[in-house]
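Per-entry structural report
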Amino acid sequence: MITVNNSQQLQSELKNLHGRIGLVMTMGNLHAGHLSLVEQAKKKADIVVVTIYVNPLQFSANEDLASYPRTLEDDIKKLETLGVDLLYTPSDKEIYPEGMEHHTQVEVPSISYMYCGAYRKGHFLGVTTIVCKIFNMIAPAVAIFGKKDYQQLTIIQKMVTDLCMPIEIVGMPTFREKSGLAMSSRNRFLTDEEKLQAAGLFKSLKWAEEQLKNTSIDFRTLEKQAIDQLNENNFNVEYFSICHQDTLKPADRGDKKLVILAATKFGIPRLIDNIIVNL
Ligand code: PAF
């Protein structure tokens, strides 16, 4: 695996690699979920490029940028065993040479300020900006993202469509612990016991799915019941919303392609998860 950390080296190495590029963008601290994205990229492309970059533009001042887990040596070992061709690990200076303040930003306005976007100011502006920049640098034929960040995936898909980028976006299923807890780099801030309790979020999504499939309960009532149950069990729910799968608009009875999106504080970390429901 070739590892480069500046854009000049990146461009010269890319010139030597021939074929369709499959891209997996990460912030590092790789777990089985990330590795499944790499496996998928290998299936869909001739060359696999991975990026590891903790993008400061997508963190606001009160968030966990400084404590975000950075485990580059371990990550490199994992990617080498998977046969990744090229790893790009840029510095902030490489990505934002003149700082972030006056940097051009890419915005997908319609769906970036709801759900997570309402609680994490500027988050998706930061995500779409870095994803657009890395797409421009690497020019992948296909890019693979996890469905755990369902809103992020939908926003990236819309950016690619709206800006006519010739890139196939593939979403991969969420990897879970045995308990059902969605894998996330931020789970390392939970003790083993807390991880078991945190799995309550997925249990509650499964419960809501059952209700959607087997009852005629009104969607807003169901959301409220799920939020109340979670809050009674040490969660501090930000949103638990039954939405339309494609537009992310609040769904109602009659809509068949649904996704339930949820975010909650649980101790220190913030957990997000979702479940796709086809009625
Ligand atoms: O999902 C992530 O890890 C990040 O938001 C991404 C897509 C790598 C952009 O920084």
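Rules and cut-offs
- Residues numbered from 1 in each chain as written.
- Predicted model: local features only at pLDDT ≥ 70, side-chain atom pairs only at ≥ 80, totals over all residues.
- Heavy atoms only, no water.
- Helix = DSSP H or I, 4+ residues; strand = E, 2+ residues; numbered from the N terminus.
- Buried < 20%, exposed > 50% of the residue type's maximum accessible area, 1.4 Å probe, protein only.
- Contact = heavy atoms within 4.5 Å.
- Lys, Arg positive; Asp, Glu negative; His and termini not counted.
- Charge placed at Lys NZ, Arg CZ, Asp CG, Glu CD.
- Pairing = 2+ DSSP bridges.
- Axes fitted to C-alpha atoms, helices over the stretch in contact; angles between N-to-C directions.
- Salt bridge = Lys/Arg side-chain N within 4 Å of Asp/Glu carboxyl O.
- Near = heavy atom within 4 Å.
- Polar contact = N/O pair within 3.5 Å; in protein donor to acceptor, adjacent residues only side chain to side chain.
- Areas by Shrake-Rupley, 256 points an atom, 1.4 Å probe, with all protein chains shown as cover.
- Nonpolar A, V, L, I, M, F, W, Y, C, P; charged D, E, K, R; others polar.
- Expected span 1.5 Å × (residues − 1).
- Phe/Tyr/Trp six-rings, centres within 6.5 Å; stacked < 30°, edge-to-face > 60°.
- Lys NZ or Arg CZ within 6 Å of the ring centre and 35° of its normal.

Let's talk about the overall build of the protein chain
Of regular secondary structure, the protein chain possesses 11 helices and nine strands. Taken along the three principal axes of its C-alpha coordinates, the protein chain extends 60 × 40 × 40 Å. Burial analysis of the protein chain (279 residues in total) assigns 52% to the buried set. Pairs at least 24 residues apart make up 71% of the contacts formed inside the protein chain by residues separated by at least 6 positions. Charged side chains in the protein chain number 31 positive and 33 negative. The centres of these two groups are separated by 3 Å.

Side note on the sheet that holds strand 5 (residues 142-146)
Taken together, the six strands give an open sheet; going across it, the order is 1-4-3-2-5-6, and neighbouring strands pair in parallel fashion. Two strands close off the open sheet at either side, each with one partner strand: strand 1 (2-4) and strand 6 (168-172). Ignoring strand direction, the axes of neighbouring strands in this sheet form an average angle of 25 degrees. Inspection of the sheet shows strand 1 paired to strand 4 (residues 86-88) by three bridges, in the parallel sense. Along strand 4, the bridge assignment pairs isoleucine 2 with leucine 86.

Things to note about the pattern of salt bridges
Evaluated as defined, the whole model comprises 12 salt bridges. Close ionic contact of glutamate 209 with lysine 206 constitutes a salt bridge, the shortest N to O distance being 3.4 Å. One end of the pair, glutamate 209, and the other, lysine 206, are both in helix 10 (residues 200-214), three residues apart, so they sit about a helical turn from each other. Here arginine 270 and glutamate 238 are joined by a salt bridge, their closest N and O atoms 2.8 Å apart. Placement of the pair is arginine 270 in strand 9 (residues 270-278) and glutamate 238 in strand 7 (residues 236-244), with a sequence separation of 32 residues. The same class applies to arginine 270 and to glutamate 238, which are both buried. Sharing partners across several salt bridges, the network here consists of Lys206, Glu209 and Lys213.

Observations concerning the site of the ligand
The environment of the ligand is formed by Met25, Thr26, Met27, Gln58, Ile130, Phe145, Asp149 and Gln152. Within the side chain of glutamine 58, an N or O atom sits 2.7 Å from an oxygen atom of the ligand. The separation between an oxygen atom of the ligand and a polar side-chain atom of glutamine 152 is 2.7 Å. Burial of the ligand by the protein chains amounts to 88% of its free accessible area of 290 Å². Classifying every residue of the shell around the ligand by side-chain character gives four nonpolar, three polar and one charged.

Quick look at helix 7 (residues 123-138)
Over its 16 residues, helix 7 extends 23 Å from the first C-alpha to the last, a length consistent with the 22 Å expected when each residue adds 1.5 Å. Burial runs high along helix 7: 15 of the 16 residues are buried. At the exit of helix 7 stands alanine 139, carrying a positive phi of roughly 50 degrees.

Details of the environment of lysine 249
Secondary-structure assignment places lysine 249 in the loop between strand 7 and strand 8 (257-265). Classification of lysine 249 as exposed rests on a relative accessible area of 53%. Taking the C-alpha atoms as reference, lysine 249 lies 43 Å from glutamine 9; in sequence the two are 240 residues apart. The contacts of lysine 249, once residues within four sequence positions are left out, are Tyr115, Ile242, Cys243 and His244.

Re the packing of aromatic side chains
Considering all chains together, one arrives at five aromatic pairs under this definition. Where tyrosine 119 meets tyrosine 239, the ring centres are 6.2 Å apart and the plane angle is 35 degrees; that geometry is what we call tilted. Linking tyrosine 119 in helix 6 (residues 116-119) with tyrosine 239 in strand 7, this pair joins segments that are 120 residues apart in sequence. Here the aromatic rings of phenylalanine 235 and phenylalanine 266 are separated by 4.7 Å at their centres, their planes lie at 40 degrees, and the arrangement is tilted. With phenylalanine 235 in the loop between helix 11 (219-232) and strand 7 and phenylalanine 266 in the loop between strand 8 and strand 9, this pair connects stretches of sequence that are 31 residues apart. Counting every residue linked through ring pairs, the aromatic cluster contains Tyr115, Tyr119 and Tyr239. Over the ring of phenylalanine 59 we find arginine 120, and its NZ or CZ is 6.0 Å from the ring centre. Taking NZ or CZ as reference, arginine 176 lies 3.6 Å from the ring centre of phenylalanine 202, over its face.

Interpretation in functional terms is not warranted from these geometric data alone.
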